[in-house]
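Commentary on secondary and tertiary structure
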Amino acid sequence: MNILKFGGTSVGSQEGINALIALLKPNAQSEYPIVVLSAMSGVTNKLLEMAENAMNLQEYSTNLKEVEEKHFKVIRALLPASAQNPVLTKLKIFFNELEDILQSVYNLRELSPQTKDLILSYGERCSTAMISHIAKQQYPDAIYVDASELIKTDNNFGQAKVNTNLSEMLIKDFYTSNSGKLLFVTGFISSNDEGRVTTLGRGGSDYTAAIWGAALNAEEIQIWTDVDGMLTADPRIVNKAFSLPELSYTEAMELSYFGAKVIYPPTMIPAFLKRIPIVIKNTFNVDFPGTYIRHGVSPSSLPIKGISSIDEISILNLSGSGMVGKAGFSGRLFSLLSREQINIVLITQSSSEHSITFAVKPADSLKALSLINKEFELELQAKKLEYPEVENGLSILAIVGENMKRTPGMSGKLFNALGRNGVNVRAIAQGSSEYNISVIISKADLSKAVNAVHDAFYADLKKTLHVFCLGTGNIGKTLFQQLENQMSFLADNNDLQVKVMGISNTRKMLLNPNGINLNNWEQELIEQDMAASLPDFIKKMRAMNLPNCVFVDNTASQNPVDFYLDILQSSISVVTCNKIGNSAEYEQYAAFKQAARTYGVDFFYETNVGAGLPIIRTLRDLMLSGDKISRIEAILSGTISYIFNNYKEGVLFHEVVKEAQDKGYTEPDPRDDLNGKDFMRKMLILARDAGYPLEEKDIELQNMLPPSCMAADTVADFYKELENNTDYFENLKNTAAADKKVLRYIGKMENGKVSITLQMVDQNHPFFTLSGSDNIISFTTNRYKDRPLVVKGPGAGAEVTAAGVFADIINVGKR
């Protein structure tokens, strides 16, 4: 024989009730299951609201009519007219009784715990009476059972303690005398020795099912709800949460205690004592096997079984020298709270015995504070203790699993996931059983924290990066195209999902908490009526408070750079192709790097030097591996590279410059490239990454053009001056050719000094064979002394630059 308990959502609609009745088939021994029912979804909250409104002399009749009509509507839909009258009459009696009680509360302006329990009991009474009558059309043996007549408790209204022996005896006698009947039992409610209604605590219908199951030695207890069993996390918080096939009683108890709302914690105790399996199933997906909670679970490969949380918690901290070495102090504190029925959710104490921190429900926090101040009044006045304070706005996150026991690195992985996402831990607790590690964090960080920890522990799932992109020019557009094309590859080969959550340019911005469709982002941005505002964009990004967050700057503007520090300090990684930030004052460059280290995030800027070429990464890897950089030589301007690679016999210098401009290699005014300033910024960034705190003024920059060319008023005048100086350039070219050399504009870093000069190099130099508009860089180090390490390839263009930004984003994901 099985116990079937159906929750509020299962009995809250016509669809749910039909599904419920379809499950009520007798077993091979012609035994019906015992059906335990909750109130219809939302009804308990309405009853509580009505009770409080009546006490406060506020109107409650509207809610009463709504609850009444909710039940009557189901009856009219599921019962033929000829069968409606008995159940309508029964329910009308219940609602009239309820109205009389509410009127009494209104008149007396008093709502005692006893009266509140009586009011709340009508939710289960009405739903159970209604469904038992509906089931009677198909199962004539169905009867309504008021559990308050059979489950006996003490007088602790609202959270009554069950008299197990008496309750089991009454249940057995009732079951025996009603053999062959299909019993529909009210969940949640019970009564004391005087017959006054008590309740078993919120969610107590599960407990009712377990009490009946234990009393009758049921084969299993089935908890029917609206989710597919117990999940690894709350699916409302974590989209990637998945169902667990089975849990041990200990694991389920820990998860339930710390907020997993699928099952009520005391439910497990009667089942645990008699080793009755509990199975969590979905009323709306009956074929899904659900989650079994039982003894002797099979070994699991999962590092943890689940992540649970309590949304609202308050903590009190008691500290002072009067606690150190004081025997019995903790006992005095916790006995005090126990006498006043204040439940302590979590305790942590420093090894010095100087402080104790404990967590309670917010509703109990002020009462606890007052009790402590009275109990320890003398110690507080003598300043042996500090006056305690209540901290609100906190949550508890707990990871649970038997595999945590004796497995190294569990706490490290937890705290790394939290720290990297900027989640501050206020208190920590772990039992010696090692089944649970609990942390107290800010409630504002709870969603981000649960998602980050879920990604960290379930490596088989795809990690999600949440990306916010600034700039929709050539690089931005190309990046979105590359991301879209590579989505499936990243998922299949890197277990990585990149979701673009925000896009902004100088005109409009678009943010979507569910992610932006990269197939249609341009149209969505055009249709968006949100004007671009960089401060607002960053504010909204921070407000989303997402885990694994990356800010991508695809602009060449100073404005985003001003926000880098704030973004990094918000535990958000920054990926940028904008070299302005790193080539400004050294103090700013160092601040960005330090912020990334301090807040455990990444600051990647590979495309600052050489677009998509692995230059920054190569330099970093050489230094991390202990190699010493002796010299760096580089050509880091695609424009200048193209001009000197094509300035050959039979071609004049001004012709090559014009050809480069016609092909789009130069800025509208070629002098913006030929003045070497952009090249200088790249060399400055390299020097800083190599460990030299240089400023722009420390770099020796040789101007390759005669002063008259740089001073020309217009671009047309500039070309005239180039032509007028043909002899100057021809002389340089011919001198180099005479020595079998070529002209190259080379940046060099050696012994902490950086220079950019026009040089003549022979065929032994690695830059001699450079062609097209390629960039090239050579690293001479202790390991690459005789033959430098050379990186060569395209150093400009939307495709390669976007690819470099893309690679940086993926590297954030890998970390």
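For clarity, every value in this text was computed on a predicted model and none was experimentally measured.

**Description of the overall build of the protein**
- Helix and strand counts for the protein come out as 30 helices and 28 strands.
- In terms of overall size, the protein is more extended than a compact globule, its C-alpha atoms giving a radius of gyration of 36 Å where 815 residues would be expected to give roughly 28 Å.
- Across its three principal axes, the protein shows a C-alpha extent of roughly 115 × 70 × 55 Å.
- Looking at the protein residue by residue over its 815 residues, the buried ones come to 52%.
- Across the protein, every contact between residues at least 6 apart in sequence was considered, and the portion connecting residues at least 24 apart equals 72%.
- If you sum the accessible surface of the protein, you get close to 35,900 Å²; carbon and sulfur atoms cover 47% of it.

**Regarding the environment of Leu 378**
- As for its placement among the helices and strands, Leu 378 is situated in helix 12 (residues 377–381).
- With a relative accessible area of 68%, Leu 378 lands in the exposed category.
- The sequence separation of Leu 378 and Asp 206 amounts to 172 residues, and the corresponding C-alpha distance is 46 Å.

**Here we look at helix 4 (residues 81–108)**
- With 28 residues, helix 4 should cover 40 Å at 1.5 Å per step; its first-to-last C-alpha distance of 40 Å lies within 8% of that length.
- Taken as a whole, helix 4 carries its principal kink of about 25° at Val 87.
- For helix 4, every residue scored as buried is listed here: Ala 83, Gln 84, Val 87, Leu 91, Phe 94, Phe 95, Leu 98, Ile 101, Leu 102 and Val 105.
- Tucked inside the fold, the buried residues of helix 4 contact helix 2 (43–55), helix 3 (61–78), helix 5 (113–136) and strand 3 (142–145).

**Considerations on the pattern of salt bridges**
- Counting across every chain of the model gives 32 salt bridges.
- A salt bridge links Arg 76 to Glu 69; its shortest N-O distance comes to 3.0 Å.
- Here Arg 76 falls in the partly exposed class, since its relative accessible area comes to 45%.
- Classification of Glu 69 by relative accessible area gives partly exposed; the value is 39%.
- One salt bridge connects Arg 125 with Asp 146, and the closest N-O pair in it is separated by 3.7 Å. With Arg 125 in helix 5 and Asp 146 in the loop between strand 3 and helix 6 (164–177), this pair connects stretches of sequence that are 21 residues apart.

**Some remarks on the sheet that holds strand 21 (residues 573–576)**
- Ordered in space as 19-18-17-20-21-22, the six strands form an open sheet in which the pairing is mixed. Sheet topology places strand 19 (509–511) and strand 22 (603–604) at the edges, where each strand pairs with a single neighbour.
- The sheet contact formed by strand 17 (residues 463–470) and strand 20 (residues 549–553) spans five bridges and is parallel. Residue pairing across strands places Val 467 opposite Val 550, the latter belonging to strand 20.

**Focus on the packing of aromatic side chains**
- Here the structure, examined in full by the defined rule, presents 24 aromatic pairs.
- Aromatic side chains Phe 334 and Phe 358 sit 6.2 Å apart centroid to centroid with 85° between the ring planes, which places their arrangement in the edge-to-face category. In this pair, Phe 334 sits in helix 10 (residues 329–339) while Phe 358 sits in strand 13 (residues 355–360), placing the two residues 24 residues apart along the sequence.
- By relative accessible area, Phe 358 is classed as buried at 0%.
- Each ring, one from Phe 644 and one from Phe 653, has its centre 5.9 Å from the other, and the planes form 50°; the classification is tilted.

**A short note on the pairing of strand 25 (residues 742–750)**
- When strand 23 (residues 629–635) meets strand 25, the two strands line up antiparallel, connected through four bridges. Pairing of Ala 634 across the sheet is with Gly 747, part of strand 25.
- Here strand 25 pairs with strand 26 (residues 753–761) via nine bridges, running antiparallel. Residue Met 749 lies in a different strand from strand 26, and its bridge partner there is Val 754.

**Considering the pairing of strand 14 (residues 390–400)**
- The pairing of strand 11 (residues 306–319) with strand 14 spans eight bridges and is classified as antiparallel. Residue pairing across strands places Leu 316 opposite Val 390, the latter belonging to strand 14.
- As paired strands, strand 14 and strand 16 (residues 436–442) are joined by seven bridges and run antiparallel to one another. The residue of strand 16 that forms the bridge with Val 400 is Asn 436.

**Focus on empty space enclosed by the protein**
- Counting across every chain of the model gives three cavities of 30 Å³ or more.
- For the largest cavity, the full set of lining residues is Arg 420, Asn 421, Lys 463, Leu 465, Asn 548, Cys 549, Ser 571, Ile 572, Ser 573, Val 601 and Val 812.
- Among the residues forming the lining of the largest cavity, the class breakdown is five nonpolar, four polar and two charged.

**A word on the sheet that holds strand 28 (residues 789–794)**
- Taken in spatial order, the six strands of this open sheet run 24-26-25-23-27-28, and their pairing is mixed. Of all strands in the sheet, those with a lone pairing partner are strand 24 (700–701) and strand 28, marking the two edges.
- Most of the contacts of helix 26 (residues 677–689) go to strand 25, to which it runs at about 35°, and overall it touches strand 23, strand 24, strand 25, strand 26 and strand 27 (774–781).

**Considerations on unusual backbone geometry**
- With phi around 55°, Arg 275 is a residue other than glycine that occupies positive phi space.
- According to the relative accessible area criterion, Arg 275 is exposed, its value standing at 59%.
- Even without glycine at this site, Ala 611 takes up a positive phi of about 55°.
- Locating Ala 611 in the fold gives a position in the loop between strand 22 and helix 22 (616–624).
- Of the residues examined, Ala 611 reaches a relative accessible area of 5% and is grouped as buried.

**Structural notes on the environment of Tyr 647**
- By the element assignment, Tyr 647 lies in the loop between helix 23 (638–646) and helix 24 (653–662).
- According to the relative accessible area criterion, Tyr 647 is buried, its value standing at 6%.
- Tyr 647 sits 396 residues away from Glu 251 along the chain, and the two C-alpha atoms are 75 Å apart.
- The contacts of Tyr 647, once residues within four sequence positions are left out, are Leu 652, Phe 653, Val 656, Phe 729, Glu 730, Lys 733 and Leu 743.
- Here Glu 730 takes part through its side chain, which lies 2.8 Å from a polar atom of the side chain of Tyr 647.

**Some remarks on helix 28 (residues 715–724)**
- Listed in full, the buried residues belonging to helix 28 are Phe 718, Tyr 719 and Leu 722. Considered in projection along helix 28, the buried side chains sweep an arc of 95° and stay on one side of the axis. In helix 28, those exposed residues whose orientation departs by more than 90 degrees from the buried face are Lys 720 and Asn 724.
- Of the surrounding elements, those touching the buried residues of helix 28 are helix 24, helix 25 (671–674), helix 27 (707–710) and helix 29 (726–738).

**Description of the layout of surface pockets**
- Taken as a whole, the second largest pocket spans an internal volume of roughly 1,400 Å³.
- Considering the residues around the second largest pocket, the lining is formed by 49 residues, among which Ile 475, Thr 555, Ala 556, Lys 579 and Glu 667 are closest to the centre.
- Counting only elements with at least two residues in the lining of the second largest pocket, the list comes to helix 15 (474–494), helix 18 (558–561), helix 23, helix 25, helix 26 and helix 30 (798–814).
- Of all the elements, helix 26 adds the most residues to the lining of the second largest pocket, at four residues.
- For the lining of the second largest pocket, the per-class residue count stands at 14 nonpolar, 27 polar and eight charged.

**Notes on the side chain of Lys 152**
- Position of Lys 152 relative to the elements: it lies in the loop between strand 3 and helix 6.
- The buried charged residue Lys 152 lacks any salt bridge partner; its closest oppositely charged side chain belongs to Asp 193, at an N-O distance of 6.2 Å.
- Within polar-contact distance, the side chain of Lys 152 engages the side chain of Ser 191 at 2.9 Å.
- Setting aside chain neighbours within four positions, we find Lys 152 in contact with Lys 161, Val 162, Asn 163, Leu 166, Ser 167, Leu 170, Ser 191, Asn 192 and Gly 195.

Analysis parameters
- Residues numbered from 1 in each chain as written.
- Predicted model: local features only at pLDDT ≥ 70, side-chain atom pairs only at ≥ 80, totals over all residues.
- Heavy atoms only, no water.
- Helix = DSSP H or I, 4+ residues; strand = E, 2+ residues; numbered from the N terminus.
- Rg over C-alpha atoms; globule rule 2.2 N^0.38 Å.
- Buried < 20%, exposed > 50% of the residue type's maximum accessible area, 1.4 Å probe, protein only.
- Contact = heavy atoms within 4.5 Å.
- Areas by Shrake-Rupley, 256 points an atom, 1.4 Å probe, with all protein chains shown as cover.
- Expected span 1.5 Å × (residues − 1).
- Bend = angle between axes of the 7 residues up to and from the residue.
- Salt bridge = Lys/Arg side-chain N within 4 Å of Asp/Glu carboxyl O.
- Pairing = 2+ DSSP bridges.
- Phe/Tyr/Trp six-rings, centres within 6.5 Å; stacked < 30°, edge-to-face > 60°.
- 1 Å grid on protein atoms, 1.4 Å probe; cavity = no way out; pocket = protein on both sides within 12 Å on 5 of 7 lines; lining within 4 Å.
- Points joined across faces, edges and corners; volume = space filled by probe spheres on them.
- Nonpolar A, V, L, I, M, F, W, Y, C, P; charged D, E, K, R; others polar.
- Axes fitted to C-alpha atoms, helices over the stretch in contact; angles between N-to-C directions.
- Polar contact = N/O pair within 3.5 Å; in protein donor to acceptor, adjacent residues only side chain to side chain.
- Arc of directions from axis to C-beta.
- Lys, Arg positive; Asp, Glu negative; His and termini not counted.

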